[in-house]
Amino acid sequence: MFTTIPKILASTALFLAAGACAVHATPDIAALEQAEQHIRLQWQNNPKLRYHSLSYKGTLQEYWKGRHYLQKVRTIQGAWISVHELPADTLVFRGEVKGFNPVKTKGGAGYFFCSPKTGELVAYLLMK
């Protein structure tokens, strides 16, 4: 009986470690491409959301750590919500204008938040 306890503890540790790795799994390439298409479509429909470049930054859980100064995002429907209301696996993209300089370029960057399953754009945030 005492030999099975270490085995149970070892299996539990492996199970928990595997679960932790699953949280940080890389999103599907198709979901990333779909998300980028949704963002660019929104850019066509709304010129104030248009940027020269777009880059994938990671999931909300990975990228948003330590960025407590950004509290609210705007949904596609127009409502303001807390960034913490979005799921942790939400895909985060950043758009920038050409020649962006954080000190000199007002409104030169924006963030776009997409569903990890469908790639649908759910919220955005334009920087001041």
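Look a little higher up for the structure.
Residues numbered from 1 in each chain as written. Predicted model: local features only at pLDDT ≥ 70, side-chain atom pairs only at ≥ 80, totals over all residues. Heavy atoms only, no water.

Provide a residue-level description of the packing of aromatic side chains, including the pertinent values.
Evaluated as defined, the whole model comprises 5 aromatic pairs. Ring plane angle 75 degrees and centroid distance 6.0 Å describe the contact between Tyr-51 and Phe-112, whose orientation is recorded as edge-to-face. Residue Tyr-51 is located in the loop between helix H2 (29-45) and strand E1 (53-59), and its partner Phe-112 is located in strand E5 (residues 109-114); the two are separated by 61 residues in the primary sequence. (Phe/Tyr/Trp six-rings, centres within 6.5 Å; stacked < 30°, edge-to-face > 60°. Helix = DSSP H or I, 4+ residues; strand = E, 2+ residues; numbered from the N terminus.)

Please set out the pattern of salt bridges residue by residue, giving values where relevant.
Per the stated rule, a full pass over the model turns up 2 salt bridges. Between Glu-96 and Arg-94 there is a salt bridge, with the nearest N and O atoms lying 2.8 Å from each other. Among the residues examined, Glu-96 registers a relative accessible area of 24% and is labelled partly exposed. According to the relative accessible area criterion, Arg-94 is buried, its value standing at 13%. (Salt bridge = Lys/Arg side-chain N within 4 Å of Asp/Glu carboxyl O. Buried < 20%, exposed > 50% of the residue type's maximum accessible area, 1.4 Å probe, protein only.)

Account for the sheet that holds strand E6 (residues 121-126), naming residues and giving values.
Sheet architecture is open: 6 strands sit in the order E1-E4-E5-E6-E2-E3, paired in antiparallel fashion. With one partner strand each, in any of the chains shown, E1 and strand E3 (80-82) form the two edges of the open sheet. Across the sheet, the mean angle separating the axes of adjacent strands is 35 degrees when strand polarity is ignored. Both E1 and strand E4 (residues 91-96) contribute to a ladder of 6 bridges, which runs antiparallel. Within E4, the residue paired with Ser-53 across the bridge is Glu-96. Seen against the sheet, H2 touches E1, E4, E5 and E6 and runs at an angle of roughly 45 degrees to E4. (Pairing = 2+ DSSP bridges. Axes fitted to C-alpha atoms, helices over the stretch in contact; angles between N-to-C directions. Contact = heavy atoms within 4.5 Å.)

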